[in-house]
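Per-entry structural report
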2 protein chains.
Amino acid sequence: MHGIEVFYARVMPSDAAHPRGPYAKSAARRAEIVASATVVFGTHGYRGGSLRQIAKQLDLSLTTVMHHFPTKVSLLAAVLEQEDAADTDFPARAARDGFIPSVLAIVERNLARRELVRMFSIVSAEATHPEHEAHAWLLERYRAVTETYAATIADDRARGRLEADDDPRALADLVISGWEGIQIRWLTDDTDPVAAMRLLLTGLLRPRA
Amino acid sequence: MHGIEVFYARVMPSDAAHPRGPYAKSAARRAEIVASATVVFGTHGYRGGSLRQIAKQLDLSLTTVMHHFPTKVSLLAAVLEQEDAADTDFPARAARDGFIPSVLAIVERNLARRELVRMFSIVSAEATHPEHEAHAWLLERYRAVTETYAATIADDRARGRLEADDDPRALADLVISGWEGIQIRWLTDDTDPVAAMRLLLTGLLRPRA
């Protein structure tokens, strides 16, 4: 869901799986398992998906999958971590281009990442439960992204780019929430998420002409 | 998710389960199974939940559950139908009180329906998949609610209650999407959904003072 590169920066669970070996073959196998898990969790949810389904999809033995990811939760960590390395320079880009164009650039990039976005949407909905394995990840993701967006909105306002005078944290939360719903709608019936986000950002933040 | 009474009015799947017997005991048992399924689907998703889990939670035999709901999809239909009878008078209330207060009244009512909202959030995220059993339901829900909201927003504007001059359908879609994300956030960390919706509606629709 929503602005994955930014949303999932710096929100890796502390028990995330670590690479096991220096060999390229092992890294390729891990990447293949993570890609398959993205599709399986994006179809059945984390709760409904299994290591067995993933092994079957890849025509691997369960033992092979478990050699790389001994538990389902270690695989979830690797799946959620996929965007972790990307786009940590959001504040710098937003300072240069403005908050609104920087967010819209991520929305456009996500058009090519449909199954990844779907996986994040389903796992996030599941992870609202306090007992869910990704609940701490979801809380930290909201905290980190709200902080980054609120600071960037405040900075844009100080530069005279935005007219909205509401609390920057409340505006940041609405951008994040609106984005989540807009991506769910896009996944359902292809309603244009870029146009929707543009209207949302313009209405809430009121950019100066 | 989001304004259940309105969202789920008139969107019952055509293959929905029908009451099977005239006896109160049977109706009570059905209601009990639907309530349990709401919690199970709201925890494990529709894909991850099973009739067996529901039977176990109620200390019933699987045969008893299947007497009332022969298939998991027939139970899903009954679960999604829960709000079907409620609040079909949204257009009349909105004409009297205005669109914004009428939506906020539903957001407040949903505060007492946390597990139902969670179930709708998870099943909707799953149902973005074209092959999901509730995909047609989700498409129809978006269609019906967008139509109702767009007409109400246009009516409010004609009455001079709202200043926003954007396309009413695009505004209706943003209200629905924002609401979805706001409810997911509320389910995660109790961020006040009424305050968030008020800020969203005010920013997008610009009510006259």
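Residues numbered from 1 in each chain as written. Chains lettered and ligands numbered in written order. Predicted model: local features only at pLDDT ≥ 70, side-chain atom pairs only at ≥ 80, totals over all residues. Heavy atoms only, no water.

**Some remarks on the UniProt feature "DNA-binding region" (unreviewed entry) in chain A**
- Residues given the UniProt feature "DNA-binding region" (unreviewed entry) here are residues 50-69 of chain A.
- Structurally, residues 50-69 of chain A is divided into 75% helix and 0% strand, and its ends, taken at the C-alpha atoms, are 12 Å apart. (UniProt positions renumbered as here; feature names shortened; annotations may be inferred. Helix = DSSP H or I, 4+ residues; strand = E, 2+ residues; numbered from the N terminus.)

**What about helix H5 (residues 72-80) of chain B?**
All names here are of chain B.
- Of all the nine residues making up H5, seven are buried; the element is thus mostly covered by neighbouring parts of the structure.
- Every buried residue of H5 is listed here: Ser74, Leu75, Leu76, Ala77, Ala78, Val79 and Leu80.
- If you follow the buried residues of H5, they end up packed against helix H2 (24-48), helix H3 (51-58), helix H8 (114-126) and helix H9 (135-158). (Buried < 20%, exposed > 50% of the residue type's maximum accessible area, 1.4 Å probe, protein only. Contact = heavy atoms within 4.5 Å.)

**Regarding the interface of chain B and chain A**
- The interface of chain B with chain A comprises 39 residues on the first partner and 40 residues on the second.
- Each partner contributes to the roughly 3400 Å² buried at the junction of chain B and chain A, and carbon and sulfur atoms together form 67% of this total.
- Summed over the three residues of chain B that lose the most area to chain A, namely Arg185(B), Thr188(B) and Leu199(B), the buried surface amounts to 18% of that side.
- Here chain B and chain A share two salt bridges between them.
- For Arg185(B), the salt bridge identified is with Asp173(A), shortest N-O distance 3.1 Å.
- For the interface between chain B and chain A, the tally reads nine residue pairs in polar contact (both at pLDDT 80 or more).
- Elements supplying a minimum of two residues to the side of chain B that touches chain A: H2, H8, H9, helix H10 (168-189) and helix H11 (193-205) of chain B. (Buried area = accessible area lost by both parts, 1.4 Å probe. Salt bridge = Lys/Arg side-chain N within 4 Å of Asp/Glu carboxyl O. Polar contact = N/O pair within 3.5 Å; in protein donor to acceptor, adjacent residues only side chain to side chain.)

**A word on the packing of helix H9 (residues 135-158) of chain A against helix H10 (residues 168-189) of chain A**
All names here are of chain A.
- Contact pair H9 / H10: the axes reach a minimum separation of 8 Å and the direction vectors enclose 120°. As far as their axial angle goes, H10 and H9 are oblique. Remark: the crossing between H9 and H10 carries right-handed chirality. Every residue of H10 that contacts H9 at Arg141, Tyr142, Val145, Thr146, Glu147, Tyr149, Ala150, Ile153, Ala154 and Arg157 is listed here: Pro168, Arg169, Leu171, Ala172, Asp173, Val175, Ile176, Trp179 and Glu180.
- For the contact of H9 with H10, the per-class residue count stands at 12 nonpolar, one polar and six charged. (Axes fitted to C-alpha atoms, helices over the stretch in contact; angles between N-to-C directions. Parallel < 35°, antiparallel > 145°, perpendicular 65-115°, else oblique. Left-handed = near helix turned anticlockwise from the far one by under 90°. Nonpolar A, V, L, I, M, F, W, Y, C, P; charged D, E, K, R; others polar.)

**Some remarks on the relation of the copies chain B and chain A**
- Note on the identical chains: chain B maps onto chain A by a rotation of 180° and an axial translation of 0.0 Å, with an RMSD of 0.0 Å. Classification of the inter-copy transformation places it as that of a two-fold axis.
- In this assembly the copies share their binding face: 100% of the residues contributing to the interface of chain B also contribute to that of chain A. (Least-squares fit on C-alpha atoms with pLDDT ≥ 70 in both.)

**Some remarks on the packing of H2(B) against H8(B)**
Residues and elements named next belong to chain B.
- Viewed as axis vectors pointing N to C, H2 and H8 meet at an angle of 5°, and their least axial separation amounts to 8 Å. Compared by their axis directions, H2 and H8 come out roughly parallel. Between H2 and H8, the residues in contact are Thr38, Phe41, Gly42, Thr43, Gly45, Tyr46, Arg47 and Gly48 and Glu115, Leu116, Arg118, Met119, Ile122, Val123 and Glu126, respectively.
- For the contact of H2 with H8, a count of residues per class yields six nonpolar, five polar and four charged.

**Here we look at the packing of aromatic side chains**
Residues and elements named next belong to chain A.
- Summed over all chains, the structure comprises 10 aromatic pairs over all chains.
- With centroids separated by 5.2 Å and ring planes inclined at 35°, the aromatic side chains of phenylalanine 90 and tyrosine 149 adopt a geometry described as tilted. In this pair, phenylalanine 90 is assigned in helix H6 (residues 90-97) and tyrosine 149 in helix H9, connecting sequence segments 59 residues apart.
- Looking at phenylalanine 90, the relative accessible area reads 1%, which means it is buried.
- What links up through ring pairs into an aromatic cluster is the set Phe90, Phe99 and Tyr149.
- Its guanidinium or amino end placed over the ring of tyrosine 46, lysine 72 lies 4.4 Å from that ring's centre, counting from NZ or CZ.
- Above the plane of the ring of tyrosine 142 lies arginine 141, whose end atom (NZ or CZ) is 4.8 Å from the centre. (Phe/Tyr/Trp six-rings, centres within 6.5 Å; stacked < 30°, edge-to-face > 60°. Lys NZ or Arg CZ within 6 Å of the ring centre and 35° of its normal.)

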